[in-house]
Structures are given as structure tokens and as C-alpha cells.
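A closer look at the structure
Now for the letters of each chain:
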Amino acid sequence: MNSEAMKFSSLDQPLFGGTIKGDLVEYLDFVADRFVPVLAGRPLSVWRILPRKGSQGGQDPFMQKNVPKYTPDYVKTVEVWAEASHRKIKYALCDDKQTLMWFANQRAVEYHVPLFLGDHQTHMVLDIDPPEGSGFDVVVESAFLIREALAQAGLDGAIKTSGAKGVHIFVPLEQHDPDDVAAATRAVAARAEKLNPEIATTAYIRADREGKVFLDSTRAWGATVVAAYSPRLREGLPISFPVPWDSLRDVTPADFTVRTRFDGDPWTSLMPAPQRLPDDLIAQGHTIPVARVVAMHEGKRRKNQREREK
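Remember, predicted model here, so these are calculated numbers, not experimental data.

The next thing to look at is the overall build of the protein chain. Assigned secondary structure in the protein chain consists of 7 helices and 14 strands. The C-alpha radius of gyration of the protein chain comes to 20 Å, within 12% of the 19 Å expected for a compact globule of 310 residues. For the protein chain, the spread of C-alpha atoms along the principal axes amounts to about 55 × 50 × 40 Å. By residue count, 52% of the 310 residues in the protein chain fall in the buried class.

Structure (C-alpha cells):
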């Protein structure tokens, strides 16, 4: 069996945000030769939408990690221990177009992958998350703060829209200890915040951000990120799309959707070569507490204070 011979069902059925299933299938067929290399070898999590009966759109989206029992034999899988649920999860590996098109037929819209390929964290990632109600312009300005902080450390990265409100900056890496990568990510965010604390913050607790753009340095260890070229569950199914730095001020995330067609493989062509993290960046990062740990302790402290004040 091959992807060209695969039979797709209900292509005219409403999917999400004014699109039909056929829009998703046609886009994934078009982008497969660029998209599969981004996914290959990485345990895949997808957001799917099951169909409703009648002419309505799909049911509420749900995240699928464990492959269903009816998964065909040609879909490669890998078992990964999940510490949170204390069990092994059988993830799909989307290593070929046939597997991708099977996911398309299953109404899998979003594709999320870990930063690791085997035991190597291939990229350092910074996620720029704007405050509610802000425009994309503040995201762009914050992205350039990250770029400047990287440049000062002798590093370079590629940028893509998240497909939602923000952007992701990827820095390809040589082999490093994962703890050092996490530390360096924190240091880059802290240096970028210092460049313009009026618009950017590293505050993990939302209430402490004061309407600023969040420079998220927590995409480390077992974290996943939406893959380049992946559609997103938003109106019109926008896609997470690579953008040259010199074009970033001229676009918005909504400019790129499953109906977009483009030449070449911009994610590969814009990506720098793997780089070595400087020792001083790693050292600085190890002095910065892990955001989630700080937030957890601070949350408990604030809860206890509220209880004492009752």
C-alpha cells in the first residue's frame, strides 16, 4: 500500500474554523516532502478532531499520544516511559508520507514533536508569547531582542510563526548535556529581557507579567513544540511557518494557512548549521532558577498567605 493508493473518507466534511477535511488532506499532501523530515524519528503527539454526525464540524479537539489499536502496521512506533502517568506510551513515528497521510485521514490537525532526536537535543528553542489582546508587533520586537542576545553570544537561529499568536526561535545545536541546554536557554531569555524590560519579561507566573511579552525559556528536557509546517487549531487552520528575519515585520501568523502554497523548503534553507553553546552562557544559566520550580513554590507561598489572611 502507498499514500497515493490510500482512500480518504468524507473530504467535504466540515473540519474546524471554516475549513473542510479536504483542505487538511490537500495541504499535507502538498507539504509532505518538507514536513516529514521535521517529524521523522521523533515521538509524535497530535491534536485530532473526531467528526460529528450530520453537517456540523468536528467534536472538541483532543491530544493523542498513544496510537490507537487500529493503527496500521506500516506506522512505526516507539515506546516511551511517561513519568507523570507511570506507564509506557506507544508513540507514532511519522517517518514517511504514507504515515502522514494516514494521520491526515484520521483528522490529525496539529503535530507536536520533542526537541530530542534519540539522545541528542537538536535545538534550543525560545517561545515568544504575547499578552492577551496585543498585536503581533510586540512579538516581532521581542523576537529581535532574542536575536540580539543570541548574536552577542555568537549564536544564530531561525524563526517561524507559531501558527497562533507568537513565534518560535530555533537554534540548532551540537551535542550538549540537556541540563546545559536548558540553562543556556534561560540565560538567553534573561539577556533579552535586560535589553528592553519595558516590553519583555521572563516572569513565568502570568499575573506577574504586567502586560508584557513572555520570553518562554521552558522548552527543554521532555518538552514538545509544534513542528514547522504544522497546521494549528485556529480559525482558517493557520500553519507554523518559517520566515526570514528581514521579512518578519511584514507578516502576521494569519498570513500562512493550509491553503498557502510555497516553493522550496524555507525551514531547511533558513536554518543555520549546528552551533556550540558558549561556556559563559551555560554558566550564567545555571545561576538562574528553573521557572516552573520557582512558580510552583511561589504558588504554594501565595496560597498559604491567602489562607492566613482569611
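With that settled, consider helix α1 (residues 21–39). With 19 residues, α1 extends only 21 Å from end C-alpha to end C-alpha; this falls clearly short of the ideal 27 Å at 1.5 Å per step. The principal kink in α1, of about 80 degrees, is found at Ala32. Across the 19 residues of α1, 14 count as buried, placing the element largely inside the fold. Where α1 ends, the next residue or the one after it, Gly41, has phi of about 80 degrees, a positive value.

On to the environment of Lys21. On the secondary structure map, Lys21 appears in helix α1. Sequence-distant contacts of Lys21, that is, excluding residues within four places in its chain, are made with Ser9, Ser10, Leu11, Gln13, Leu15, Ala104, Asn105 and Arg107.

Spatially, 6 strands are ordered β11-β12-β8-β10-β9-β14 in an open sheet, and the strand pairing comes out mixed. The open sheet is flanked by β11 (200–201) and β14 (242–243), the only strands paired with a single partner. In this fold helix α3 (residues 136–152) packs onto β8 (123–129), β9 (158–161), β10 (167–172), β11 and β12 (213–216), with an angle of close to 15 degrees to the strand it touches most, β10.

Applying the stated criterion to the full structure yields 10 salt bridges. Linking Asp127 and Arg219 is a salt bridge whose minimum nitrogen-to-oxygen distance equals 2.7 Å. On the criterion of sequence distance, the pair formed by Asp127 in strand β8 and Arg219 in the loop between β12 and β13 (224–226) is long-range, its members being 92 residues apart. As far as the burial class goes, Asp127 and Arg219 line up, both buried. As a salt-bridge pair, Arg249 and Glu141 come within 3.2 Å of each other at their nearest N and O atoms. Pair noted here: Arg249 is in the loop between β14 and α5 (266–270) and Glu141 is in helix α3, with a separation of 108 residues, a long-range link.

Time to look at the packing of aromatic side chains. Tallying each qualifying case throughout the model produces 12 aromatic pairs. Judged by centre distance (5.4 Å) and plane angle (85 degrees), the rings of Phe30 and Phe262 are edge-to-face. With a gap of 232 residues between them, Phe30 in helix α1 and Phe262 in the loop between β14 and α5 connect regions that are remote in the sequence. Given a relative accessible area of 12%, Phe262 falls into the buried group. Members of the aromatic cluster, connected to one another through ring pairs, are Phe30, Tyr229, Phe241, Phe256 and Phe262. Geometry around Phe30 places Arg34 over its ring, the cationic atom sitting 4.7 Å from the centre. A cation sits over an aromatic face here: Arg249 above Phe144, 4.3 Å from the ring centre.

With that out of the way, let us pick up the packing of α1 against helix α2 (residues 97–105). What describes two packed helices is the angle between their axes and the distance between those same axes. As a packed pair, α1 and α2 sit with axes 9 Å apart at the nearest point and diverge in direction by 150 degrees. Considering how the two elements wind past one another, α1 and α2 form a crossing that is right-handed. Here α1 contributes Lys21, Leu24, Val25, Leu28, Asp29, Ala32, Phe35, Val36 and Leu39 to the contact with α2, which in turn contributes Lys97, Leu100, Met101, Ala104 and Asn105. The class makeup of the residues in the contact of α1 with α2 is 10 nonpolar, 1 polar and 3 charged.

Definitions and limits used
Residues numbered from 1 in each chain as written. Predicted model: local features only at pLDDT ≥ 70, side-chain atom pairs only at ≥ 80, totals over all residues. Heavy atoms only, no water. Helix = DSSP H or I, 4+ residues; strand = E, 2+ residues; numbered from the N terminus. Rg over C-alpha atoms; globule rule 2.2 N^0.38 Å. Buried < 20%, exposed > 50% of the residue type's maximum accessible area, 1.4 Å probe, protein only. Expected span 1.5 Å × (residues − 1). Bend = angle between axes of the 7 residues up to and from the residue. Contact = heavy atoms within 4.5 Å. Pairing = 2+ DSSP bridges. Axes fitted to C-alpha atoms, helices over the stretch in contact; angles between N-to-C directions. Salt bridge = Lys/Arg side-chain N within 4 Å of Asp/Glu carboxyl O. Phe/Tyr/Trp six-rings, centres within 6.5 Å; stacked < 30°, edge-to-face > 60°. Lys NZ or Arg CZ within 6 Å of the ring centre and 35° of its normal. Left-handed = near helix turned anticlockwise from the far one by under 90°. Nonpolar A, V, L, I, M, F, W, Y, C, P; charged D, E, K, R; others polar.

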